[in-house]
Amino acid sequence: MGIDKLKIKTGRKLGEGGERKVYEDKDNPERVIGAFEYQGETDDDKRYLANQARGRFYLSKILHLLYPDNIRDIHGSFSDPNATINKRVRAGVRGRKNEYFKDGKEKDAEIHGLRYKIYAETGANLDGFFNNFMYDQSGNLVYVDTPDSFTFDIDKLRTAVEKLEGDKKVKGLLYLERLIVVRGEEYKKNDDKK
Ligand SMILES: Nc1ncnc2c1ncn2[C@@H]1O[C@H](COP(=O)(O)OP(=O)(O)O)[C@@H](O)[C@H]1O
Ligand SMILES: [Mg+2]
């Protein structure tokens, strides 16, 4: 497993999606490590993964500042190995979204509501598959996948971050600046190839 390189002791496997496996961090039970299957092959892949990992980090940080109850914090984002470290989400009494969801389709409206709100306010697109959502112990609906690194609207994101106050606003604007640079580098590389 590529994540051996990170020298993190993995504990129990908490979940698995189409792209990665998620484990608890044995030395830090409030954190989880998500190991992507895809590690890239060519130098080009590796460069893309590096930009993607940086973008993922900054966008997650910004979305966490904006929606602390619904987007979990990110502590690390790597490209070699391709992996993320996030705050662990502990399922509350309503349980995991995927278990709860089976009871009735109407609950899906909550996912759509959250996705729509975040998309309208930031241009970021959450993957709406119900396995990507959990209810935490405070009853919040939490997204437990990662937002796509380069899908966002700069103007909307800036407007949203500018509404934050104090330290959060300062941090948010800093993350945004870096996010814009990373996306610029990624797009430029693609344009160069045309
Ligand atoms: N922070 C977290 N806390 C607890 N469980 C998580 C967390 N992140 C992911 N999981 C679990 O791992 C599963 C797969 O994670 P996900 O990021 O959706 O993988 P993929 O990118 O392959 O879709 C989730 O459905 C969830 O059950
Ligand atoms: Mg997923």
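Placed above this text is the structure.
Attention in this report is confined to the structure presented alongside it. It should be emphasised that the depicted structure is a prediction, and the values quoted were computed from it without experimental measurement.

Looking at the pairing of strand E4 (residues 74–79)
1) Next: Across five bridges, the pairing between E4 and strand E5 (residues 82–87) is antiparallel. In the sheet register, Ser-79 faces E5, and the bridge partner there is Asn-82.
2) Next: Linkage of E4 to E5, two consecutive antiparallel strands, is achieved through a turn of two residues.

What about the site of ligand 1?
1) Next: Around ligand 1, the structure places 19 residues, and the nearest of them are Gly-15, Gly-17, Glu-19, Val-22 and Val-144.
2) Next: Per-element accounting of the shell around ligand 1 gives the leading share, three residues, to strand E1 (residues 10–16).
3) Next: Within the shell around ligand 1, the residues separate by chemical class into five nonpolar, eight polar and six charged.

As for helix H4 (residues 154–162)
1) Next: Along H4, the positions that sit buried rather than exposed are Leu-157, Ala-160 and Val-161. Buried residues along H4 cover an arc of 95 degrees about the axis, so they all sit on one side. Turned more than 90 degrees from where H4 packs its buried face, Asp-155, Thr-159 and Glu-162 sit exposed.

Regarding the environment of Arg-56
1) Next: Position of Arg-56 among the secondary structure elements: in helix H1 (residues 43–66).
2) Next: When the 22 C-beta atoms within 10 Å are taken as the criterion, Arg-56 is described as buried.
3) Next: Not counting residues up to four positions away in its chain, the partners in contact with Arg-56 are Ser-77, Thr-84, Thr-146 and Ser-149.

Some words on unusual backbone geometry
1) Next: Cis peptide bonds are those with omega within 30 degrees of zero, and the linkage from Asp-80 to Pro-81 qualifies with 10 degrees.
2) Next: Here the phi dihedral of Lys-7 falls at roughly 55 degrees; this positive angle occurs in a residue that is not glycine.
3) Next: As for its placement among the helices and strands, Lys-7 is situated in the segment before E1.

Some points on helix H3 (residues 108–122)
1) Next: A rise of 1.5 Å per residue sets the reference length of H3, with its 15 residues, at 21 Å; its end C-alpha atoms lie 21 Å apart and thus fit the reference within 8%.
2) Next: By the burial criterion, the buried members of H3 are Leu-114, Ile-118 and Thr-122. Buried residues of H3, seen end-on, are gathered within an arc of 30 degrees and therefore sit on one face of the element. Those residues of H3 that are exposed and angled more than 90 degrees off the buried face are Ala-109, His-112, Gly-113, Tyr-116 and Ala-120.
3) Next: The secondary structure elements touched by the buried residues of H3 are H1, strand E8 (141–143) and H4.
4) Next: Looking at the residues trailing H3, positive phi occurs at Gly-123, about 80 degrees.

Considering the nonpolar core
1) Next: By size, the foremost hydrophobic cluster in this structure holds 39 residues, and its most contacted members are Ile-33, Tyr-58, Leu-59, Ile-62, Leu-63 and Leu-179.
2) Next: At seven residues, H1 tops the list of elements feeding residues into this core.
3) Next: Excluding residues within four positions of it along the chain, Leu-59 makes contact with Ala-124, Pro-147, Ser-149, Phe-152 and Leu-179.

What counts, and where the lines are drawn
Residues numbered from 1 in each chain as written. Chains lettered and ligands numbered in written order. Predicted model: local features only at pLDDT ≥ 70, side-chain atom pairs only at ≥ 80, totals over all residues. Pairing = 2+ DSSP bridges. Helix = DSSP H or I, 4+ residues; strand = E, 2+ residues; numbered from the N terminus. Near = placed C-beta within 6 Å. Nonpolar A, V, L, I, M, F, W, Y, C, P; charged D, E, K, R; others polar. Buried ≥ 20, exposed ≤ 12 C-beta atoms within 10 Å, placed from the backbone. Arc of directions from axis to C-beta. Contact = placed C-beta atoms within 7 Å. Expected span 1.5 Å × (residues − 1). Core = buried A, V, L, I, M, F, W, Y, C linked by C-beta atoms within 7 Å.

Read these as spatial facts, not as claims about activity.
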